[in-house]
Amino acid sequence: MTGVWMAIFAIGIAAAISGSAKTPADASSMTIFGVGVGIAVVGLIGWWWRQGQAAASDDAGDPRTDPVSLLRAVLPPAQALQADMDALSEAEVCERVDLLLLTAVQPLVAQRAALSARLGVMKGAEIQSMVAFGERMLNRTWSAASDGHLPEARASLFEAVAAFEAAAEALEQAVSA
């Protein structure tokens, strides 16, 4: 089906080029150009739409690339880090935050287009905003811990976990709707 949309796009481009090859004084050439541009736009939009559908359906079953599974996988290690925070040294906090960012948050961020394709642009953007805030707070946690300021690291981690919990709750509502 993607090939059909690309063919429509190519036909539109060809028509627009052929319409623009004549002098602008000729009204029929301007009509051909306008129709060609319109067909090209329809083909391009159809192709983008089809690509989004394909990405959403391809990722739906694979927990390594499914954005819903990836967001659900962020919470347990983040909550475990929060529970262990008082017993960890600054270096251990930095190491655990690095691991959390690398193994759970970065794969989720890499699938942001699939999240929007699956949930829609508005709901996807809402959840991505919460995830971005959580990621920012994790980075702040790392920074505070590396500076030896564990109370600030603890407060930032609390905000990060709250953001991921809010994103997971919004995700559950979006998926169940």
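These lines cover the structure that appears in this document, whether it is placed above or below. Computed from a prediction, not measured in an experiment: that's the story for all the values here.

### A look at the pattern of salt bridges
Next up, step 1: Across all of its chains, the model carries 5 salt bridges by this definition.
Next up, step 2: For Arg-72, the salt bridge goes to Glu-172, with nearest N and O atoms at 2.8 Å. One end of the pair, Arg-72, is in helix α3 (residues 67-84); the other, Glu-172, is in helix α7 (residues 150-176), with 100 residues separating them in the sequence.
Next up, step 3: Its relative accessible area of 35% is what places Glu-172 among the partly exposed residues.
Next up, step 4: A salt bridge links Asp-86 to Arg-154; the shortest N-O distance between them is 2.8 Å.

### Things to note about the environment of Gln-51
Next up, step 1: Summarising the element assignment, Gln-51 is placed in helix α2 (residues 27-59).
Next up, step 2: Sequence spacing of Gln-51 and Ala-117 is 66 residues, and the spatial spacing of their C-alpha atoms is 9.2 Å.

### Thoughts on a nonpolar patch on the surface
Next up, step 1: A cluster of nonpolar residues, Met-30, Phe-33, Val-37, Val-41, Ile-45 and Trp-48, forms a patch on the protein surface that exposes about 550 Å² of accessible area.
Next up, step 2: Mapping Val-41 onto the fold places it in helix α2.

### Quick notes on the environment of Ala-15
Next up, step 1: When you line up the elements, Ala-15 lands in helix α1 (residues 2-20).
Next up, step 2: When the C-alpha positions of Ala-15 and Ala-40 are compared, they lie 8.8 Å apart, and in sequence the two are 25 residues distant.
Next up, step 3: Setting aside residues up to four positions removed in sequence, Ala-15 forms contacts with Ile-32, Phe-33 and Gly-36.

### A word on the nonpolar core
Next up, step 1: If you look at the biggest cluster of nonpolar residues, it comprises 36 residues, and the most contacted ones within it are Leu-71, Val-93, Ile-127, Val-131, Leu-138, Phe-164 and Leu-171.
Next up, step 2: Every element with two or more residues in this core is listed here: α3, α4 (90-110), α5 (112-119), α6 (121-146) and α7.
Next up, step 3: Among the elements that make up this core, the one with the highest residue count is α7 (11 residues).

Each value, and the rule that gives it
- In this numbering scheme, every chain counts its residues from 1 along its sequence in written order.
- The model is predicted, so local features are restricted to residues of pLDDT at least 70 and side-chain atom pairs to those at 80 or more, both for listing and for counting; the totals for chains, interfaces and linings are taken over all residues.
- Side-chain descriptors were evaluated using all non-hydrogen atoms of the structure, hydrogens and water having been removed beforehand.
- Throughout this description, the term salt bridge denotes a Lys or Arg side-chain nitrogen within 4 Å of a carboxyl oxygen of Asp or Glu.
- By the criteria applied, helices consist of DSSP H or I runs no shorter than four residues and strands consist of E runs no shorter than two, each listed in order from the N terminus.
- Residue burial is assigned from relative accessible area. The probe radius is 1.4 Å, only protein chains are included, and a residue is buried under 20% of its type maximum, exposed over 50%, and partly exposed in between.
- Patches here are clusters of residues that have more than 30% relative accessible area and form no salt bridge, with a 9 Å joining cutoff for like charges and a 5 Å cutoff for nonpolar side chains (Val, Leu, Ile, Met, Phe, Trp, Tyr).
- Using a 1.4 Å probe, accessible areas were evaluated by the Shrake-Rupley method; residue-level cover was limited to the displayed protein chains.
- Between two residues, a contact is recorded if the distance between any of their heavy atoms is within 4.5 Å.
- Within this scheme, the nonpolar core is defined by two criteria: the residues are buried Ala, Val, Leu, Ile, Met, Phe, Trp, Tyr or Cys, and they are joined through side-chain atoms within 4.5 Å.

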